[in-house]
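Now for the letters of each chain:
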Amino acid sequence: MTNLDECKIVTLARIVDPTRGALTVTEQGRDVPFDIRRAYWIYDVPSGESRGGHAHKELRQLLVAISGSFKVVLDNGKERREIMLNHPWQGLLIVPGVWRTLEDFSSGAVCLCLASEHYDEDEYIRDYAEFKTLYSE
């Protein structure tokens, strides 16, 4: 069973200039503890809808609310934890063996995902009963 404490908030570099705005930087090997093989973003999620609803076998992710906010529900088969992402200078590191669901997207929310692996459908566990069998012991 994966320890949910392995999923944690990572604070990214934040540079603020009162006259020009803010900039956040993340670098592979510094802030992101894995090689980034894929990046994608989720946006225009209709009110009341969720995303995710799966786990990964090996893939690690860093999720960042680059605009707006959303809740991430983490589940290791025994316990659940909810984390609100609402700062573009913070990311949530999610390790393999954790079921994740993204919920309660605010209007205009954008979720950036940095992933450790290229897309591979065989890497996903999309059935919660199968997930519990594999990871909750």
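Just so it is clear, the structure is predicted and the values come from calculations on it, not from any experiment.

Some details on the environment of R37
Piece 1. Residue position: R37 is located in the loop between β3 (21-25) and β4 (38-43).
Piece 2. A relative accessible area of 39% places R37 in the partly exposed class.
Piece 3. Sequence spacing of R37 and I83 is 46 residues, and the spatial spacing of their C-alpha atoms is 25 Å.
Piece 4. Contact partners of R37, with chain neighbours within four places excluded, come to A115, S116, E117 and H118.

Here's the deal with the side chain of T2
Piece 1. Note that T2 resides in the segment before β1 (8-11).
Piece 2. Judged by relative accessible area, T2 falls into the buried class, the value being 11%.
Piece 3. For T2, the side chain forms a polar contact with the main-chain oxygen of G97, separated by 3.4 Å.
Piece 4. Contacts of T2, omitting those with residues within four sequence positions, involve N76, V95, P96, G97, V98 and Y135.

Some points on the pattern of salt bridges
Piece 1. Throughout the structure, instances matching the rule amount to seven salt bridges.
Piece 2. R37 is paired through a salt bridge with D35; the nearest N and O atoms lie 3.9 Å apart.
Piece 3. Several salt bridges share partner residues, and in doing so they unite K71, E82, E103 and D104 into one network.

A closer look at a negative patch on the surface
Piece 1. Taken together, E58, E117, D120 and D122 make up a surface patch of like negative charges.
Piece 2. Along the polypeptide, D120 turns up in the loop between β11 (110-115) and β12 (124-125).

A few points about the packing of aromatic side chains
Piece 1. Under the counting rule described, the total for this entry stands at six aromatic pairs.
Piece 2. With 5.6 Å between their ring centres and 50 degrees between their planes, Y119 and Y124 make a pair best called tilted.
Piece 3. The class for Y119 is partly exposed, based on a relative accessible area of 47%.
Piece 4. Judged by centre distance (5.7 Å) and plane angle (35 degrees), the ring pair of Y128 and F131 falls under tilted. In this pair, Y128 and F131 are both assigned in helix α1 (residues 128-135), three residues apart and thus about one turn of the helix distant.

A short note on the sheet that holds β12
Piece 1. Taken together, the five strands give an open sheet; going across it, the order is β8-β7-β10-β5-β12, and neighbouring strands pair in antiparallel fashion. The open sheet has two edge strands, β8 (80-85) and β12, and neither has a second partner.
Piece 2. Relative to strand β10 (residues 99-103), strand β7 (residues 70-75) runs antiparallel, the two sharing five bridges. Note on β10: the bridge partner recorded for D75 is W99.

Remarks on the nonpolar core
Piece 1. By size, the foremost hydrophobic cluster in this structure holds 20 residues, and its most contacted members are L63, F70, V72, L74, L85, I94 and L102.
Piece 2. Put simply, the parts of the chain that give this core at least two residues each are β6 (61-67), β7, β8, β9 (90-94) and β11.
Piece 3. Top contributing element to this core by residue count: β7, with three residues.
Piece 4. Aside from chain neighbours lying at most four places away, what touches L74 is L4, C7, E79, R80, R81, I83, L92, I94, V98, W99 and R100.
Piece 5. Grouped together as the second largest cluster of nonpolar side chains are nine residues, V10, F34, L62 and L114 included.

Reading the values: the criteria
- Residues numbered from 1 in each chain as written.
- Predicted model: local features only at pLDDT ≥ 70, side-chain atom pairs only at ≥ 80, totals over all residues.
- Heavy atoms only, no water.
- Helix = DSSP H or I, 4+ residues; strand = E, 2+ residues; numbered from the N terminus.
- Buried < 20%, exposed > 50% of the residue type's maximum accessible area, 1.4 Å probe, protein only.
- Contact = heavy atoms within 4.5 Å.
- Polar contact = N/O pair within 3.5 Å; in protein donor to acceptor, adjacent residues only side chain to side chain.
- Salt bridge = Lys/Arg side-chain N within 4 Å of Asp/Glu carboxyl O.
- Patch = residues over 30% accessible without salt bridge, like charges linked within 9 Å, V, L, I, M, F, W, Y side chains within 5 Å.
- Areas by Shrake-Rupley, 256 points an atom, 1.4 Å probe, with all protein chains shown as cover.
- Lys, Arg positive; Asp, Glu negative; His and termini not counted.
- Charge placed at Lys NZ, Arg CZ, Asp CG, Glu CD.
- Phe/Tyr/Trp six-rings, centres within 6.5 Å; stacked < 30°, edge-to-face > 60°.
- Pairing = 2+ DSSP bridges.
- Core = buried A, V, L, I, M, F, W, Y, C linked by side-chain atoms within 4.5 Å.

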